[in-house]
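One letter stands for each residue in the lines below.
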Amino acid sequence: MMNPSKLFANFKNTILTKYGPNPAKMLIYTGVLGWFLSSAAQVVAIAVNDKIPKEQKMFLIPQEIGDGAINVVSFFLVTSVIKNFASRLVSSGRLASPKIREFLTESGINIKTKKGWKVLPDFDFSKFNIENLTNFYKIKDDYKSFKNGVDVIGMTAGSILSCNIITPVLRNKYAAQRQKKTLAEMNRIPSNKVNYPRGISMDTYQKYAAMKYSNPSLKI
Amino acid sequence: MASISSIRNFSFSRAYDKFSRRVSRAALNMVGSSENLPTVSNPKTLNAVDWIGKKLSSAENRLILGASALLSQPFIDASNKEVDAETRRYSICRTIAKIIAGTVTGYSIRKLCIKSIDAFTKSVNEIKPDMKFKNLRTLLTPTLKYTADELAQYKNTLGTILALGVMVFTNFLIDAPLTKGLTNAFTKLGGIKNDESK
């Protein structure tokens, strides 16, 4: 068995090698973890709340899990796609800084023109990766610093799009559907089998639904 | 037909990575012109890109998300026609309160945790004679070789992981009461009857 100090050193070194050179990746993974823990906390809060009847918990817990799934999936999918795209913009040489352009010109990939830089008409960006060039070490530092910046910008843009636009729209739709379904049930099931808060009006119920604690802005 | 071994070897993350790369590749061919490749040549922009890559931590990221949330989410709630007008107004107040509470606590806790991690991730040369807890100052310092930028990102990562653990509790201890207080204040300002304040 490995001793604890060796395990701890391994943990520190893994974090360093995995996220040290790639800040955007760290932001995505900790973001996903944040969403997951936030949703898990909501579920636990409902599960351990003695004031909520068992019947209501049966409705509220799956609802929270559904909310959490929308948050996590939307954040992960949208943010990673945009981050990967930003990353490929730089590694394919589509987007570059003047230093990277000069390097690509020296390497015969870009051609300098009066307007700026161009590539040959049959050049396939999707198959090209600057990092695979044999003389990549010459530009490594400048390239890494530019690429990390673009990656983080892409990641931030992706998280704004997913957390502040896509998720609230989807959640509003999902919540409205759940609310309609519950209200329909409230009108259908006899009062002695009620699975929802008793003795409140539809208006109050809607207000409670809007007040519901979980929300993208409360992401941990 | 898929064989059993291909099913066994299926990995969601690999499949997702492949999908994401395909989407990126398709989009890549649509950006800019091959005759005049987009080049970031403005020195200020280049410095900003460099700064973002090196210095932007999860705390600043949370702040940006919060600020942009204030500019978008209340309007999304306002345009939600599936609820009645009063519920809509109430949900706008609630959303603004949640964004403010979540951003303030999220940013502060992340920042504090990253600072705390920094205090125990010193190299031997950084330890001064007047420092307290000298023995613990290198507790979180990695044993492998690193650059200054990599170490900064390492501290950000550890700080963020610590912050996530802390926020499991503060989500209930600070965010929830703060959100409630702010919601009550906003609904009062908006002249909405508030059941929660009763």
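Preceding block: the structure.
Residues numbered from 1 in each chain as written. Chains lettered and ligands numbered in written order. Predicted model: local features only at pLDDT ≥ 70, side-chain atom pairs only at ≥ 80, totals over all residues. Heavy atoms only, no water.

A.B. asks: Help me out: how do you make sense of the overall build of chain B in this one?
C.D. replies: When you go through chain B residue by residue, the secondary structure sums to 6 helices and 0 strands. Moving toward the C terminus, one meets the helices and strands of chain B in the order α-α-α-α-α-α. Within chain B, the proportion of its 198 residues that are buried is 40%. The long-range fraction of contacts in chain B, counting pairs at least 24 apart against all pairs at least 6 apart in sequence, stands at 63%. For chain B, the computed accessible surface area is about 11400 Å², with 64% contributed by carbon and sulfur atoms. (Helix = DSSP H or I, 4+ residues; strand = E, 2+ residues; numbered from the N terminus. Buried < 20%, exposed > 50% of the residue type's maximum accessible area, 1.4 Å probe, protein only. Contact = heavy atoms within 4.5 Å. Areas by Shrake-Rupley, 256 points an atom, 1.4 Å probe, with all protein chains shown as cover.)

A.B. asks: For this particular structure, what's the right way to read helix α6 (residues 148-189) of chain B?
C.D. replies: Residue pairs three or four apart in sequence face the same way in an α-helix, which turns once every 3.6 residues. Residue and element names in this part refer to chain B. Helix length check: α6, at 42 residues, gives a terminal C-alpha distance of 49 Å against a target of 62 Å (1.5 Å per residue), a shortfall beyond 12%. By the largest-angle criterion, Thr-170 marks the main kink of α6, which is about 60°. Positive backbone phi, at 70°, marks Gly-191, one or two positions downstream of α6. (Expected span 1.5 Å × (residues − 1). Bend = angle between axes of the 7 residues up to and from the residue.)

A.B. asks: Which parts of the structure should I look at to understand the interface of chain A and chain B?
C.D. replies: Interface extent is often summarised as the accessible area lost during association of the parts. With 81 residues of chain A at the contact, the number on the chain B side is 83 residues. With both sides pooled, the region where chain A packs onto chain B buries about 7000 Å², and carbon together with sulfur makes up 64% of that total. Along the contact surface separating chain A from chain B lie 0 salt bridges. The interface formed by chain A and chain B contains 16 residue pairs in polar contact (both at pLDDT 80 or more). Taken together, the elements giving at least two residues each to the side of chain A that touches chain B come down to α1 (4-19), α2 (23-47), α3 (54-91), α4 (98-106), β2 (117-118), α5 (140-188) and α6 (202-211) of chain A. The element that contributes the greatest number of residues to the side of chain A that touches chain B is α5(A), accounting for 21 residues. Along the lines of polarity and charge, the residues of the side of chain A that touches chain B split into 42 nonpolar, 27 polar and 12 charged. (Buried area = accessible area lost by both parts, 1.4 Å probe. Salt bridge = Lys/Arg side-chain N within 4 Å of Asp/Glu carboxyl O. Polar contact = N/O pair within 3.5 Å; in protein donor to acceptor, adjacent residues only side chain to side chain. Nonpolar A, V, L, I, M, F, W, Y, C, P; charged D, E, K, R; others polar.)

A.B. asks: Sorry, what's going on with unusual backbone geometry here?
C.D. replies: Trans is the prevailing form of peptide bonds, just as negative phi is the prevailing case for residues other than glycine. Residues and elements named next belong to chain B. Although it is not a glycine, Phe-133 sits at a positive phi angle of roughly 50°. Structurally, Phe-133 can be placed in the loop between α5 (85-119) and α6. Looking at Phe-133, the relative accessible area reads 56%, which means it is exposed.

A.B. asks: In this structure, what is going on with the state of the cysteines? I would like to understand it.
C.D. replies: The term disulfide refers to a covalent linkage connecting the sulfur atoms of a pair of cysteines. Under the definition given, this model contains 0 disulfides over all chains. A disulfide-free cysteine, A:Cys163 has its sulfur positioned 20 Å from the sulfur of B:Cys113, the nearest such atom. (Disulfide = S-S within 2.5 Å.)

A.B. asks: Explain the packing of α5(A) against helix α3 (residues 43-55) of chain B here, please?
C.D. replies: The axes of two packed helices give the description: the angle between them and the distance between them. At a closest axis distance of 7 Å, the pairing of α5(A) and α3(B) adopts a crossing angle of 75°. On the basis of their axis angle, the class for α5(A) and α3(B) is roughly perpendicular. In this structure, α5(A) uses A:Ser145, A:Phe146, A:Asn148, A:Gly149, A:Val150, A:Val152 and A:Ile153 to contact α3(B), whose residues at the interface are B:Leu46, B:Val49, B:Asp50, B:Ile52, B:Gly53 and B:Lys54. Taken together, the residues that form the contact of α5(A) with α3(B) break down as 7 nonpolar, 4 polar and 2 charged. (Axes fitted to C-alpha atoms, helices over the stretch in contact; angles between N-to-C directions. Parallel < 35°, antiparallel > 145°, perpendicular 65-115°, else oblique.)

A.B. asks: Teacher, can you tell me more about the pattern of salt bridges here?
C.D. replies: Side-chain pairs of opposite charge can arise where the charged atoms are in close proximity. Residue and element names in this part refer to chain B. Taken as a whole and judged by the stated rule, the model has 8 salt bridges over all chains. Close ionic contact of Lys-111 with Glu-60 constitutes a salt bridge, the shortest N to O distance being 2.6 Å. With Lys-111 in helix α5 and Glu-60 in helix α4 (residues 58-78), this pair connects stretches of sequence that are 51 residues apart. The salt bridge partner of Asp-118 is Lys-155, with a shortest N-O separation of 2.7 Å. Pair noted here: Asp-118 is in helix α5 and Lys-155 is in helix α6, with a separation of 37 residues, a long-range link. Connected via shared salt-bridge partners are Asp-50, Lys-54 and Asp-149.

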